[in-house]
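Listed below are the residues making up each chain.
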Amino acid sequence: MQKQMMENVKNEFVNRYGEGSNIRAFFTPGRVNIIGEHIDYNGGFVFPCALDFGTYAVVRKRNDRKARFATMNFDLEVTVDLDNIVYDEAHDWVNYPKGVIKMYEKIGPKVPGFDVLYYGDIPNGSGLSSSASLEVLTATMINVLAGGDIAPIQLVQLSQKAENEFVGVNCGIMDQFAVGMGKEDHAILLDCNTLEYQYVPFKLDGVKIVIANTKMRRGLADSKYNERRSECEEALRDLQDVLKIDYLCDMDEATFDQHAELINNPIARNRAQHAVYENQRVLKCVDALKKGDLETVGDLLYASHDSLRDLYEVTGKELDIMVEEAKKISGVLGSRMTGAGFGGCTVSLVEDEQVDAFIKNVGENYQKRTNLEPEFYVANVGQGAYEVKGV
Ligand code: GLA
């Protein structure tokens, strides 16, 4: 989090809503997933980490049950009656915080009215979880405003529920978990079935995490995402005729290979193969990382991308080109798409001395081949949601 940015949001808050005491400030990061893609909803392991950029909120309680929402990113300002929260297309991004309040009040105390100003520095639609960040930020904030004692993990879960049931995107738990529970300089090995997790040190000696934004907008992302989920469910149903499993990721590779023919639809079979193999790659990756074997970590990243391209079919031309160009640069250990896919970002592990060459060469070559101007971020691994004191 940048202190200066937080100050700017506070100043803008005062300009908009007026001076006064009891102003509080909150921050929630974005996330990047190192490996384990499209398997959170298949009961698998994922390995994301929180970033040091994200979403800021400055807020003050009101004496009624009205919530006024504004952001420095867009013009829209919306006032919502907290006794009548319903989805409204015209409310655009405000539907995310509205959904969160609705879910929060199902398990926590009533939320008092408030005025809030948000600011986000996660590029929109980049696959770095700007929505999860906004949700968990709102959940963390209202828990403080309402004087509730809902635990962080429950705030994470209700944020996912808001996205599933209020906004209508059937996402898994990974993003909300990463932005809510992230820890500085650590990635999280999360078992999405049990929600057991382990922090794994992720400050790599001499290696940086470089995120490359394809700038390709994720047009049909939500409908394609939901389609992939149903294909996995179809594969699971076929396998359950013979196997006693609850999730695709309950199988290891050998069990899958032995029973793959049970899945009638070849497309669903490919999706399932990705899920099973990707899950094992996550475990292999964490193992290699703990041993300091970064070469293997990098190879697993490339293998993950290939599988997302060929079996899961969620990459698309732009992400593929970005990875192809990364592969040509020496000092790049591995590279892959991150997040839901269909556009958005890649994540690469790049040796310190090669970062500038990476950004220059991959940038130029990518632009030549796609006519899109990419953006690059050298990422630091930050802390999950928190209140910023002393603002
Ligand atoms: C999106 C979803 C996550 C996860 C990823 C793919 O980011 O929100 O739950 O499924 O896609 O790994």
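Residues numbered from 1 in each chain as written. Predicted model: local features only at pLDDT ≥ 70, side-chain atom pairs only at ≥ 80, totals over all residues. Heavy atoms only, no water.

A. Representation of the overall build of the chain. Check the secondary structure of the chain and you find eleven helices and twelve strands. Taking 2.2 N^0.38 as the reference for a compact globule, 391 residues should give roughly 21 Å; the C-alpha atoms of the chain span a radius of gyration of 21 Å, in line with that estimate. Principal-axis analysis of the C-alpha atoms places the extent of the chain at approximately 65 × 50 × 40 Å. With 391 residues in all, the chain has 57% of them scored as buried. Partitioning the contacts of the chain with sequence separation of at least 6, the portion at a separation of at least 24 is 71%. Of the accessible surface of the chain, which amounts to about 16100 Å², a share of 44% is contributed by carbon and sulfur atoms. (Helix = DSSP H or I, 4+ residues; strand = E, 2+ residues; numbered from the N terminus. Rg over C-alpha atoms; globule rule 2.2 N^0.38 Å. Buried < 20%, exposed > 50% of the residue type's maximum accessible area, 1.4 Å probe, protein only. Contact = heavy atoms within 4.5 Å. Areas by Shrake-Rupley, 256 points an atom, 1.4 Å probe, with all protein chains shown as cover.)

B. Representation of the site of the ligand in the model. Neighbouring residues of the ligand: Arg31, Glu37, His38, Asp40, Tyr41, Cys171, Gly172, Met174, Asp175, Tyr225, Gly339 and Ala340. His38 has a polar backbone atom sitting 2.6 Å from an oxygen atom of the ligand. Within the side chain of Asp40, an N or O atom sits 2.5 Å from an oxygen atom of the ligand. When the free accessible area of the ligand is taken as 310 Å², the share hidden by the protein chains comes to 93%. Class assignment for the residues of the shell around the ligand results in five nonpolar, three polar and four charged. (Near = heavy atom within 4 Å. Polar contact = N/O pair within 3.5 Å; in protein donor to acceptor, adjacent residues only side chain to side chain. Nonpolar A, V, L, I, M, F, W, Y, C, P; charged D, E, K, R; others polar.)

C. Geometry of the packing of aromatic side chains. Taken as a whole and assessed by the stated rule, the structure comprises 13 aromatic pairs. Plain terms: the ring middles of Tyr56 and Tyr119 are 6.1 Å apart, the flat faces sit at 40° to each other, and that makes the pair tilted. Note that Tyr56 is positioned in strand E2 (residues 45-61) and Tyr119 in strand E5 (residues 114-120), a separation of 63 residues in sequence. As far as burial versus exposure is concerned, Tyr56 and Tyr119 are alike and both buried. An aromatic cluster is defined as three or more aromatic residues linked by ring pairs; in this entry it consists of Phe27, Tyr56, Tyr119 and Tyr386. Sitting over the ring of Tyr312, Arg271 keeps its end group 6.0 Å from the ring centre. Cation over ring: Lys327 sits above Tyr302, and NZ or CZ is 4.6 Å from the ring centre. (Phe/Tyr/Trp six-rings, centres within 6.5 Å; stacked < 30°, edge-to-face > 60°. Lys NZ or Arg CZ within 6 Å of the ring centre and 35° of its normal.)

D. Here's a closer look at helix H10 (residues 317-327). The buried count for H10 comes to eight of eleven residues, which makes it a mostly enclosed element. Here the buried face of H10 lies against strand E8 (207-213), helix H9 (294-310), strand E9 (332-338), strand E10 (345-351) and helix H11 (355-370).

E. Local environment of the sheet that holds E10. Strand order in this open sheet of four strands is E9-E10-E8-E11, and the pairing throughout is antiparallel. With partners counted over all chains shown, the strands left at the sheet margins are E9 and strand E11 (375-379), one partner each. Averaged over neighbouring strand pairs, the angle between their axes works out to 25° when direction is ignored. Relative to E10, E9 is paired through six bridges, and the arrangement is antiparallel. Within the sheet, the bridge partner assigned to Met337 lies in E10 and is Thr346. Of the strands in this sheet, E8, E9, E10 and E11 touch H11, which is tilted by about 160° from E11. (Pairing = 2+ DSSP bridges. Axes fitted to C-alpha atoms, helices over the stretch in contact; angles between N-to-C directions.)

F. Main features of the side chain of His305. Along the polypeptide, His305 turns up in helix H9. Among the residues examined, His305 registers a relative accessible area of 1% and is labelled buried. Of the polar contacts made by the side chain of His305, one reaches the backbone nitrogen of Met337; its length is 3.1 Å. Not counting residues within four places of it along the chain, the set of residues in contact with His305 comprises Thr315, Leu319, Asp320, Val323, Ser335, Arg336 and Met337.

G. Seen up close, the pattern of salt bridges. Considering all chains together, one arrives at 27 salt bridges under this definition. A salt bridge links Glu77 to Arg16; the nearest nitrogen and oxygen atoms lie 2.7 Å apart. Linking Glu77 in strand E4 (residues 77-81) with Arg16 in helix H1 (residues 3-17), this pair joins segments that are 61 residues apart in sequence. What makes Arg16 partly exposed here is its relative accessible area of 34%. A salt bridge links Asp306 to Arg309, with the shortest nitrogen-to-oxygen separation between them at 3.4 Å. On the criterion of helical spacing, the pair formed by Asp306 and Arg309 is a turn pair, its members being three residues apart in helix H9. You can call Asp306 partly exposed: its relative accessible area is 29%. (Salt bridge = Lys/Arg side-chain N within 4 Å of Asp/Glu carboxyl O.)

H. Spotlight on the layout of surface pockets. Empty space within the second largest pocket amounts to approximately 270 Å³. Along the wall of the second largest pocket there are 19 residues; nearest its centre are Asp185, Lys203, Ala379, Asn380 and Val381. Of the residues forming the lining of the second largest pocket, the biggest block, three residues, is contributed by E8. Along the lines of polarity and charge, the residues of the lining of the second largest pocket split into nine nonpolar, four polar and six charged. (1 Å grid on protein atoms, 1.4 Å probe; cavity = no way out; pocket = protein on both sides within 12 Å on 5 of 7 lines; lining within 4 Å. Points joined across faces, edges and corners; volume = space filled by probe spheres on them.)

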